[in-house]
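# Fold and geometry: a report
Take a look at the letters that make up each chain.
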Amino acid sequence: MIPRSDYGDILRYEYFYVLPGSLLVIVMLIVLPFRKKFRTKTLVIILWFTTIVFFGSSALWYFTNLPTYTYAQSQKIVEAQLASEHPEATIDRHPPPTMNYSLFPKDAGLLDTTHGSYILLFKVENSPSAYRFHPFKGSYERLPDFPF
């Protein structure tokens, strides 16, 4: 459900759940020592409010950073271009790699779509080729020495 897998897991779900969950635990640790000074109803309202704020802001960040193109759309775009370049050739679309079919630089901090690219694998007349598709811009480039 969230994060949506049709975007190729390019937005990391760890940040969607772990960051607001951690902030909620910190708020709970701050508020719980004062539980005798507040009524139970007040504490519940405080914790519900912070939960809604933290997870709501995380959802807002997530949905505003969704890529323009899904993984399937990017495959269709590159496949259409390959078909126009090689009208007589047969083009086979490879399924995405099983672990993670987006590429991130190792030194990126909070990974969002501005740091990631889809990796698309095709075979044109039994000749394998790989492409890096940029999901925000819609541009792509051929990877010359991608290992298969």
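These lines cover the structure that appears in this document, whether it is placed above or below. (Residues numbered from 1 in each chain as written. Predicted model: local features only at pLDDT ≥ 70, side-chain atom pairs only at ≥ 80, totals over all residues. Heavy atoms only, no water.)

### As for the nonpolar core
Core analysis: the largest hydrophobic core is formed by eleven residues, namely Tyr 71, Val 78, Leu 82, Ala 89, Ile 91, Tyr 118, Leu 120, Phe 122, Val 124, Tyr 131 and Phe 133. Looking at this core, the elements with two or more residues in it are helix 3 (71–85), strand 3 (117–124) and strand 4 (127–133). Here Val 124 is in contact with Leu 82, His 86, Ala 89, Thr 90 and Ile 91, once residues within four sequence places are set aside. (Core = buried A, V, L, I, M, F, W, Y, C linked by side-chain atoms within 4.5 Å. Buried < 20%, exposed > 50% of the residue type's maximum accessible area, 1.4 Å probe, protein only. Helix = DSSP H or I, 4+ residues; strand = E, 2+ residues; numbered from the N terminus. Contact = heavy atoms within 4.5 Å.)

### Some words on the pairing of strand 4
Successive residues of a regular strand alternate their side chains across the two faces of the sheet. Pairing analysis gives seven bridges linking strand 3 to strand 4, with the strands arranged antiparallel. The partner of Ile 119 across the bridge, within strand 4, is Arg 132. Here strand 4 runs beside strand 5 (residues 140–143); their pairing, made up of four bridges, is antiparallel. The residue bridging Ala 130 from the neighbouring strand is Leu 143, located in strand 5. Between strand 4 and strand 5, which follow one another and run antiparallel, lie six residues, and Gly 138 among them has a positive phi close to 85°. (Pairing = 2+ DSSP bridges.)

### Thoughts on the packing of aromatic side chains
Within this structure, the stated rule accounts for four aromatic pairs. Consider the rings of Tyr 131 and Tyr 140, whose centres lie 6.0 Å apart with planes at 75°: the pair is edge-to-face. Residue Tyr 140 is classed as partly exposed on the basis of its relative accessible area of 29%. An aromatic cluster is built from Tyr 69, Phe 122, Tyr 131, Phe 133 and Tyr 140, whose rings are joined through pairwise contacts. (Phe/Tyr/Trp six-rings, centres within 6.5 Å; stacked < 30°, edge-to-face > 60°.)

### Digging into a nonpolar patch on the surface
On the surface, a cluster of nonpolar side chains totalling about 550 Å² of accessible area is made up of Leu 19, Leu 23, Ile 26, Ile 30, Phe 34 and Phe 38. With respect to the secondary-structure elements, Leu 23 resides in helix 1 (residues 13–31). (Patch = residues over 30% accessible without salt bridge, like charges linked within 9 Å, V, L, I, M, F, W, Y side chains within 5 Å. Areas by Shrake-Rupley, 256 points an atom, 1.4 Å probe, with all protein chains shown as cover. Salt bridge = Lys/Arg side-chain N within 4 Å of Asp/Glu carboxyl O.)

### Thoughts on the pattern of salt bridges
Overall, the coordinates contain one salt bridge when judged by the stated rule. The salt bridge partner of Arg 132 is Glu 141, with a shortest N-O separation of 3.0 Å. Relative accessible area serves as the criterion here: at 23%, Arg 132 is assigned to the partly exposed category. Since its relative accessible area comes to 35%, Glu 141 is described here as partly exposed.

### A short note on helix 3
When the terminal C-alpha atoms of helix 3 are compared, their 21 Å separation across 15 residues agrees well with the 21 Å that a helix rising 1.5 Å per residue should span. All of the buried residues along helix 3 are Tyr 71, Ser 74, Gln 75, Val 78 and Leu 82. Around the axis of helix 3, the buried residues are gathered within 100° of arc, so they sit on the same side. Looking at the packing, one finds that the buried side of helix 3 touches strand 1 (91–93), strand 3, strand 4 and strand 5. (Expected span 1.5 Å × (residues − 1). Arc of directions from axis to C-beta.)

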